[in-house]
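Understanding the architecture of this molecule
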Amino acid sequence: MAAEGRDPELIQAAYWIVLGRAATANELYAETRGRLNSDQLTLLHGLLGSNEFAELRESWKAGRETHNRELLEAALNRLGAHDLFVQRVYQWVLGRPADPGGAEHYAALLERGTRRADIVRALALSDEFERRWQAVPRDSQLCELANPAKWDNPEWLAILRSLGLSDDKLAMHRKPYEFTQFIYGCRRLGALREDATFLSVGAGHELILYWLANHVAKVVATDMYEGVWQGMCAREGDPSVLHNPDQFAPFPYRRDHLTFLRMDGRALEFEDLSFDVAYSLSSIEHFGGMEGARQTIREMARVLRHGGVLGLATEYVLSGPPHDETFQPSEIADLVQHSGLELVEPIDEFVYRRYKTTPVNALHDPYQSPHMLVRMNDTVFTSVMLFLRKN
Ligand SMILES: C[S@@+](CC[C@H](N)C(=O)[O-])C[C@H]1O[C@@H](n2cnc3c(N)ncnc32)[C@H](O)[C@@H]1O
């Protein structure tokens, strides 16, 4: 049976009630895919958390009209009898069934000719909704697209600063996001422990290796270290790190907690069940398409202990055609499905519905910032961060 949130009619009703408009073809497609928003709650979290809804509420508070009243009313009138409509507004705006007093009160108002849109606005501007709105811990999620709102999360920012990185929003960039989000997630999942062992795949000489060496028992950095990245990507695969790791250390670190090894991520030379955490940042998209990525994830899962955490950041296409070394959302879902591990929470793929960010043109302005979305020809992509658990 289709989950409730996947029913197109219900989705359209939710869009009309919450946003006062129909879902576009693209939105309907995204909402009905069902893969990552298989319940009604997820659908409505996306709508209630959107910039669009926040702007509507601000206008209503200021007494500004936001819609063509006649058109909106005609659409809302198609959503069933008065009592059903009131139930839906309660459920979707307040997140609970209508109590008998409320149901009766609003049904009576509708009988007397009050507009349906005004019932929605009354509930959206109620003290109860305001409390619900304030109580939502927004943007503390772990599995998500690179998220500008994390720069407003004090716990997250403290980690960013501890890495020695700037918290200036104008310097916002996917790279610090990935580093900080990975540590934030490990901490929240209880994986960042003094006795924990960490494996990085496609590690280069990334900054967090040195940070982790100061916080966990053992960090093993693996990479092909062929030097092929030296020109393009700030020498990320520089083999000289194998002999002289100190040259890349951004701060003093515990040398005996960090080892660098030349190794193919697709064939890890470790026993099964060897690590508490295995992670890979901005790398698996370069390991030979879907097959290389699948193989690497399988290997990482194999060497994880039961209860261990796999952290992954890779390229996620938001719009446009497939592009080399990026993954379409369906491919990300495929990688998750074939990992044999479980996502610790659904992926928040709606970040860029809530936050407007201009993509950086990777060909013409590669150093422009904020640098959260990237455009390559017609393809726009960003990073997706995933945390999976081995049972
Ligand atoms: C874009 S860099 C990312 C480096 C680092 N994780 C970071 O975030 O700074 C990609 C890395 O993947 C490495 N790499 C490419 N193919 C690999 C493979 N099959 N196994 C292991 N590492 C590989 C490259 O050498 C390079 O260091």
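Residues numbered from 1 in each chain as written. Predicted model: local features only at pLDDT ≥ 70, side-chain atom pairs only at ≥ 80, totals over all residues.

Some details on the overall build of the protein chain
- Looking only at helices and strands, the protein chain has 15 helices and 10 strands in total.
- When burial is assessed residue by residue, the protein chain has 40% of its 391 residues classed as buried.
- Intrachain contacts of the protein chain at a sequence separation of at least 6 include 67% that bridge at least 24 residues. (Helix = DSSP H or I, 4+ residues; strand = E, 2+ residues; numbered from the N terminus. Buried ≥ 20, exposed ≤ 12 C-beta atoms within 10 Å, placed from the backbone. Contact = placed C-beta atoms within 7 Å.)

Observations concerning the pairing of strand β6 (residues 304–319)
- Burial runs high along β6: 12 of the 16 residues are buried.
- Pairing of strand β5 (residues 275–281) with β6, which is carried by six bridges, proceeds in the parallel orientation. Across the sheet, residue F275 finds its bridge partner in β6, namely L304.
- Read as a crossover between parallel neighbours, the route from β5 over helix α13 (residues 289–303) to β6 is right-handed.
- Here β6 pairs with strand β10 (residues 379–389) via 10 bridges, running antiparallel. Opposite E315, over in β10, you have S383 as the bridge partner. (Pairing = 2+ DSSP bridges. Right-handed = clockwise from strand over helix to strand, strands pointing away.)

Details of the packing of helix α10 (residues 154–162) against helix α11 (residues 174–188)
- α11 packs onto α10 with a crossing angle of 115 degrees between their chain directions and a minimal axis gap of 9 Å. Crossing of α10 against α11: the hand is right-handed. Facing α10, whose interface residues are W156, I159 and L160, α11 presents P176, T180, I183 and Y184. (Axes fitted to C-alpha atoms, helices over the stretch in contact; angles between N-to-C directions. Left-handed = near helix turned anticlockwise from the far one by under 90°.)

Describing the site of the ligand
- Around the ligand, the surrounding shell holds 20 residues, and the nearest of these are G202, G204, E206, G237 and G265.
- Its residues assigned to classes, the shell around the ligand comprises seven nonpolar, seven polar and six charged. (Near = placed C-beta within 6 Å. Nonpolar A, V, L, I, M, F, W, Y, C, P; charged D, E, K, R; others polar.)

Focus on the environment of Y177
- Among the secondary structure elements, Y177 is positioned in helix α11.
- In this structure Y177 comes out as buried when scored by C-beta crowding, with 26 C-beta atoms within 10 Å.
- For the pair Y177 and A313, spaced 136 residues apart in sequence, the C-alpha to C-alpha distance is 10.0 Å.
- With residues near it in sequence (within four places) discarded, Y177 still touches A146, K150 and S383.

Comments concerning the nonpolar core
- Of all hydrophobic cores here, the largest spans 72 residues; its most connected members are L209, V219, V277, A278 and L310.
- Ranked by the residues each element gives to this core, the list is headed by β6, at eight residues.
- Not counting chain neighbours up to four residues away, the residues in contact with A278 comprise L199, V201, M300, V303, L304 and L310. (Core = buried A, V, L, I, M, F, W, Y, C linked by C-beta atoms within 7 Å.)

Here's the deal with unusual backbone geometry
- With an omega of -5 degrees, the peptide bond between S369 and P370 qualifies as cis.
- Looking at the secondary structure, you find P370 in the loop between β8 (360–361) and β9 (374–376).
- Phi at N377 is positive, roughly 55 degrees, even though this residue is not glycine.
- Looking at where N377 falls in the secondary structure, it is placed in the loop between β9 and β10.

Topic: the confidence of the model for the protein chain
- Mean pLDDT over the protein chain stands at 90; residues scoring 70 or higher make up 91%.
- In this model residues 1–5 is a low-confidence stretch, pLDDT under 50, and it forms 13 contacts with partners more than four residues away in sequence or in other chains. (pLDDT = per-residue confidence, 0-100.)

Overview of the environment of D152
- Here D152 lies in the loop between β1 (144–145) and α10.
- Sequence separation of D152 and P250 is 98 residues, and the distance between their C-alpha atoms is 25 Å.

Brief notes about the environment of R131
- Along the chain, the position of R131 falls in helix α9 (residues 127–135).
- The class for R131 is exposed, based on 10 C-beta atoms found within 10 Å.
- Here the alpha-carbon distance between R131 and L192, two residues 61 residues apart in the chain, equals 33 Å.

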